[in-house]
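The lines below spell out each chain.
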Amino acid sequence: MANMNPIDPTAARLERELKHTRPLIGCRFDPSGRFLFASSEDDAIQRFDLLTGAKTTLAGHRSWVRGMTFVGNQVAGSGELSAWQKRRDHLQAVAGFAGATLLPPRPAPFTLISADYHGKLIWWQGDADVPKPLREVEAHKGWARAVAVSPDGKTVASCGNDNAVRIWSADTGTPVRTFEGHASHVYNVAFHPDGTRLASCDLKGVVKDWNLKTGAADRELDAKVLWKYDTGFMADIGGARAMRFSPDGSRLACAGITNVSNAFAGVGNPAAIVFDWNDGKPKVLKPKENFQGTAWGFAFHPAGFSITGAGGSGGRVWFAKPDDTTTFHMLTPPTGVRDLDLAPDGERFACAGANGTAYVYTFRPLPPDAAPVKPTPKKK
Amino acid sequence: MPRCHYACHTAEHIVSRRAFLGAASSVAALGPAGFAAAGANAKLAKAQKRVLVVFLSGGVSQLETWDPKPNTDTGGPFKAIPTSVPGTHISELLPHTAKQMHRMALVRSLNSISDDHGIGQTIMLTGRRMEPGIEYPHLGAVMAKLLGNAGEAALPGHIQILPKGGGGFGKADATFLGPKFASVALGDGKPPADLLRPANLGADSDATREAFRRKLNDRFAKSRKSAATDAYAESFEQAERVVRKGEVFDVEKENPKVADRYGRHDFGRHLLLARRLLEAGVTYVKVQHSNYDTHHENFDFHIEQLGEFDRPFAALLDDLADRGMLESTLVVVMSEMGRTPRINDRYGRDHWSKAWSVALAGCGIKGGAVVGKTNATGTAVADREVYSGHLFHTYLTAVGLDSTKEFRPNDRPVPVADPKAEVIKEILA
């Protein structure tokens, strides 16, 4: 993390709104934290430049995108980026519009890999002025639900509705291996920070711990608390809508919906099941308040607390301490949260809003001369 | 004593068959109830007509089935796929059904007026809006009466297969047509519990018991006949018919290869049972598939539910065709309403009656026909708006009946189908 005061999650405040015209589905910061990529129901991905305010559309998918991941090194932290902003602001204050001539720094190169509901993976040059598809891979039959990149940047994992987990070369997109064994749609994948293991979770809450060398699932963890067969409507609801390892690899969190009493009306509660990665013991983390909906986003902050984003009867962001099973602080975004990502430097996080807006929150204290940012009121 | 509101054959209501039919001597040749369209007697004589309705409960999304709008604001994430009819596309969630489109017709411009489950179901199954002072019979009762040989039938003429539950007799869906044509419900495709004779009751003892029951029943009815007693008595008659042909209900007796094509899951078994019942002479079978009321996560749930529907339905059409039954069996896939083009915040679609679709196949249907259009986003009918009354006329006409005729309960003329609507000629062969 960049040098800054200790993070106080209760100080989280809305920093900015990034608006799009269509409901958002997913959001991810690039490795530098300069860009927020947000996928939307118009089959596109929007790239928001947090430095300049520019919005660029990545067009190429023909279906919805939820999974996004990156190959690239974390470079300029927000400390350097905010230094540029200060120089620009100073120049504008002194020389007016001349401040606008101060060119932003070129972003370091990085690759975005996105996964869509036609089963396709697309590689993009994420830092290009207007990124275009570099490569398209037909990865899954049916939805490709999630995609992840290994810590060394060499391997991509994807998963989807063909019950498969697939491994690809990050450089060339060539298939490396298929992990078979899930008996239902695979909702999420995540690489362990040490690069030797891959976790995947399916609709029915089966978490498989894959050995990347042998291709074997060495163990299964039980996340069935996130699954229900609704006998009234005769259908299954479940799956890890978010899945993350803690930075030190000691914990794995799967987030979704639990206590479902009516799957077709979404009557259930958001929850995350957090496994001790060493011994597999689970703890179920639930929000303190009685909220009806699904946990769609989850992040472990390096400072130790976790952040959960949920949507359903409104939007929520909850914060929890490492060993707690309930939350201690809450924010209320003005819309359902459909995804959540923590910036690489830990200073901000973003929520993908069902109303088409990405809400970026910061832990930085409000500058003394600044007014707090309030969410745009809903149109009547 | 409640009056019968149907021709229950009491002294008050005895109407000569000919007077009831209201036609000349040639009527007797036009099918059992004399409602055949002129010129249809040869067809009826050759092949008794049947009707199968597949009812997708809850309101199936027309955008995820018959009228996809990919890459639009309302389209959702799925593709449209080509079918066996060039130029006609349906949702990617129906790949097997897509190969059957040359046998099917689509009506894409249905406005069924009500967004309520119960009212919508009544509208779709009666072909009528609800009106005070009269309850219209469901399609199954109408077909059982007009096409079936209810008096001599080995099996009830009107059966519905429910996804679960106990099933039973005594439904009110025949209204003024009488309990003889009311549906027999089979929960999970099984005959009602305790229907079959216990093992310790021999056939002779059972027959003696049944004869005694009839004797007492007939004596009671002489002075106290009513709609309620009739319904009660009819339930025994229907039960007896079911018991007599009990082996039809046992899908395990089916050729395993055929059973595999339908799939070894509930809906597959239920469709297979439907085919067996139709083959055994049942006039009308409705198979209900649950559930499609997807206010939340519409896309995931339609993947699951249509995944159950698609292969068995395609297998059914193939099976009916292989057995020479498709030409004489009208197949309808309907719901009580569609779903909103607008996708809500929870990835759901809500109730929608204004512009949705129904699919048909088989008897009297022109394979490959598509009638009606919605606009680019599916938010309104753009061409050839129809409602359930039009469909009702079409069902009757497809099986060779004259949909402009009348019933006459208590001498009150009641058109068989809504006189404000008419046949959708474009989908008739």
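Residues numbered from 1 in each chain as written. Chains lettered and ligands numbered in written order. Predicted model: local features only at pLDDT ≥ 70, side-chain atom pairs only at ≥ 80, totals over all residues.

Our next topic: the overall build of chain A. Per the secondary structure count, chain A includes one helix and 30 strands. The C-alpha radius of gyration of chain A comes to 20 Å, within 12% of the 21 Å expected for a compact globule of 380 residues. Overall size of chain A, expressed as C-alpha extent along the three principal axes, is 65 × 45 × 40 Å. In chain A, buried positions account for 52% of the 380 residues. (Helix = DSSP H or I, 4+ residues; strand = E, 2+ residues; numbered from the N terminus. Rg over C-alpha atoms; globule rule 2.2 N^0.38 Å. Buried ≥ 20, exposed ≤ 12 C-beta atoms within 10 Å, placed from the backbone.)

Turning next to unusual backbone geometry. All names here are of chain B. For the bond running from S290 to N291, omega is -5°, close enough to zero to count as cis. Positive phi, normally seen in glycine, also occurs at E297, with a value near 50°. Along the chain, the position of E297 falls in the loop between β7 (284-289) and α10 (298-322). Residue class for E297 comes out buried when judged on the 20 C-beta atoms lying within 10 Å of it.

Residues and elements named next belong to chain B. Taken together, the eight strands give an open sheet; going across it, the order is β6-β5-β7-β1-β8-β11-β4-β12, and neighbouring strands pair in mixed fashion. Two strands lie at the open edges of the sheet, namely β6 (184-187) and β12 (370-371), each paired on one side alone. By the bridge criterion, four bridges tie strand β8 (residues 329-334) to strand β11 (residues 356-362) in an arrangement that is antiparallel. The partner of V333 across the bridge, within β11, is A359. (Pairing = 2+ DSSP bridges.)

This paragraph deals with the interface of chain B and chain A. With 17 residues of chain B at the contact, the number on the chain A side is 20 residues. Split by residue class, the side of chain B that touches chain A holds four nonpolar, seven polar and six charged. (Contact = placed C-beta atoms within 7 Å. Nonpolar A, V, L, I, M, F, W, Y, C, P; charged D, E, K, R; others polar.)

Residue and element names in this part refer to chain B. When pLDDT is averaged along chain B, the result is 86; 83% of the residues meet or exceed 70. Low confidence marks residues 1-46, where pLDDT is under 50. Its contacts with residues over four positions away, or in another chain, come to 64 contacts. Both confidence scores are given for the complex: pTM 0.89, ipTM 0.94. (pLDDT = per-residue confidence, 0-100.)

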